[in-house]
Amino acid sequence: MVTPHSIEPLSNSDLQTTESSQGDPPQLNPPASGFAPVPAITVLEAEILEAEIKALKAREAALQEINGDLERQIIHQAQVMNAMQQDLKQQKYLFQLLVEQSPDVIIRFDRQLSCTYVNPVVFNEYGVTPDAMIGKQLLEFTIPPLERDLWCQQLQRVFVKKNQACFEFSNQHPSALQSYQVRLLPELDEMGKVGSVLAIIHNVTAFKSKENQLFQALHEKEIFLQEVHHRIKNNLQMVSSLLNLQSSSIEDSSTIGPFADAQARIQAMALIHEQLYQSSQVRHINFREYAEQLATNLFRSYCQDDHRLTLDLNLESVHLTVDQAIPCGLIMNELMTNAFKYAFPNQVSGTIRCTFQQSPEQICRLMIGDDGIGLPTSVDIHRTDSLGFQLVTALTAKLRGTLEVERRGGSQFVIQFRKA
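Note that the structure is predicted; figures quoted are calculated from it, not measured.

Rules of the game
- Residues numbered from 1 in each chain as written.
- Predicted model: local features only at pLDDT ≥ 70, side-chain atom pairs only at ≥ 80, totals over all residues.
- Heavy atoms only, no water.
- Pairing = 2+ DSSP bridges.
- Helix = DSSP H or I, 4+ residues; strand = E, 2+ residues; numbered from the N terminus.
- Axes fitted to C-alpha atoms, helices over the stretch in contact; angles between N-to-C directions.
- Contact = heavy atoms within 4.5 Å.
- pLDDT = per-residue confidence, 0-100.
- Parallel < 35°, antiparallel > 145°, perpendicular 65-115°, else oblique.
- Left-handed = near helix turned anticlockwise from the far one by under 90°.
- Nonpolar A, V, L, I, M, F, W, Y, C, P; charged D, E, K, R; others polar.
- Core = buried A, V, L, I, M, F, W, Y, C linked by side-chain atoms within 4.5 Å.
- Buried < 20%, exposed > 50% of the residue type's maximum accessible area, 1.4 Å probe, protein only.

A.B. asks: Looking at this model, I keep getting lost on the sheet that holds strand β2 (residues 115–118). Mind explaining?
C.D. replies: The strands making up a sheet associate through hydrogen bonds between their backbones, and the pairing can be parallel or antiparallel. One open sheet holds the five strands; their spatial order is β2-β1-β5-β4-β3, and the pairing between them is antiparallel. Sheet topology places β2 and β3 (165–172) at the edges, where each strand pairs with a single neighbour. Neighbour-to-neighbour, the strand axes of the sheet open up by a mean angle of 25 degrees, direction not taken into account. Here six bridges tie strand β1 (residues 105–110) to strand β5 (residues 194–203), and the two strands are oriented antiparallel to one another. When the sheet's bridge partners are listed, Phe 109 is paired in β5 with Val 197. The strands that helix α6 (residues 205–248) touches are β3, β4 (177–188) and β5; relative to β4, the one it contacts most, it runs at about 125 degrees.

Structure (structure tokens):
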């Protein structure tokens, strides 16, 4: 074996053999070891090899950059997750603090109607500890059967329809009857189904007590107002009777007329108070019922034994306030009285029409008309000495309405005003 430190010198025969060759350069014998000689590489192969080395280095640098980006992203995501966990932990703590310190009883039910959570307030309200309720089904609660059925029905409805629900119930405590309002809130799981229902029970006993007191006070005031209307009606009837007694002693027919007109106006106002006294509503009146009775009373007064005239009523059921019903009734009384007295002289037959309607825009329209001789063109109802027309224009202004007059084919008065 040849080593760097042991090289054997050539013998004389070897040198002679070398010199006797045909001018070729001396050839060394291959080493006696088992290694093959390293072949020489060309310039092109060296350039290719160098390019591949550069490409590998570039790829390694790119991979290191990608690895650095991934490491930074992982660190950022870990920080975000940690922040989210801290925020979730804080929210859970605040929610638990809110639930446990809430004055309302809060219970969570699963789909088997078992109690999975209840806040500590339940002990103050029902005298039961949370541990005694958690894990039990609703059917195991010590509550009246009707109350238990109501709870089961409402909870099952929330589980099926996924909507909130609200109901009330009462419970007899040792001290007094307690009233509660329950709001059921569905809690959805990952599949979008109602996994549990949160029940918030609020004690409304004090509210119910105040509500009953208000209803009682309102009922007493309504009775008082009915009594006031009854007394006003009686006083107006008394005034009407006094006018009747006074007119009976008067022989001049021209003087009796104003007494009769005043008496009719008083009767029209008394009729409103009579209907308010008999109605369950003391602030509004059904004007159709009032107008029918007023028109019938006027028709009987002026046409008791006269069958020449007919009455045509087209009235909608509209509820007016007292402040609008009284002026409207007085206008109707004045215009219908005028038609009965002056529209059909010389025993002429005809029809007196009365229409009351309400538009979708809350505009009321009162029309009083006849097919008689009509209102003379010389009469301006806005500038006249007639007390009746003066009342009509003044009452229309009080209603903040408009008054129009048509004189074709008789007379027609149209009053329009906005319903209060």
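A.B. asks: Explanation requested: the confidence of the model for the chain in the structure shown.
C.D. replies: One rule of thumb: low pLDDT means the predicted coordinates there are not for detailed reading. The predicted model of the chain averages 83 in pLDDT, with 90% of residues at 70 or higher. The least confident element of the chain is helix α1 (residues 12–19), whose mean pLDDT is 43; the most confident is strand β10 (residues 363–370), at 95. This model gives residues 1–28 a pLDDT under 50, and the stretch forms three contacts once residues within four places in sequence are excluded.

A.B. asks: Whenever I open this one, the packing of helix α8 (residues 287–302) against helix α9 (residues 322–342) confuses me. Can you help?
C.D. replies: Helix-helix packing is characterised by the crossing angle of the two axes and by the distance between the axes. Packing of α8 against α9 brings their axes to within 10 Å, and their N-to-C directions diverge by 30 degrees. By the angle between their directions, the pair α8 and α9 is classed as roughly parallel. For the pair α8 and α9, the sense of crossing is right-handed. Along the contact surface, α8 presents Phe 287, Tyr 290, Ala 291, Leu 294, Ala 295, Leu 298, Phe 299 and Tyr 302, while α9 presents Ala 325, Cys 328, Gly 329, Met 332, Asn 333, Met 336, Thr 337, Phe 340 and Lys 341. Tallied by class, the residues present in the contact of α8 with α9 amount to 13 nonpolar, three polar and one charged.

A.B. asks: In this structure, what is going on with the nonpolar core? I would like to understand it.
C.D. replies: Considering soluble globular proteins, one finds that nonpolar side chains tend to be buried as a cluster. Membership of the largest hydrophobic core comes to 45 residues, with the highest contact counts inside it found for Met 332 and Phe 356. At the level of elements, α7 (253–278), α8, β7 (309–315), α9, β9 (350–358), β10, α10 (387–398) and β12 (411–418) are the ones that each hand at least two residues to this core. Counting residues per element, this core draws most heavily on α9, at eleven residues. Met 332 has contacts with Phe 287, Ala 291, Leu 294, Ala 295, Cys 354, Leu 366 and Ile 368, leaving out every residue within four places of it along the chain. Counting residues in each nonpolar core, the second largest holds 27 residues, with Cys 115, Trp 151, Val 158 and Val 194 among its members.

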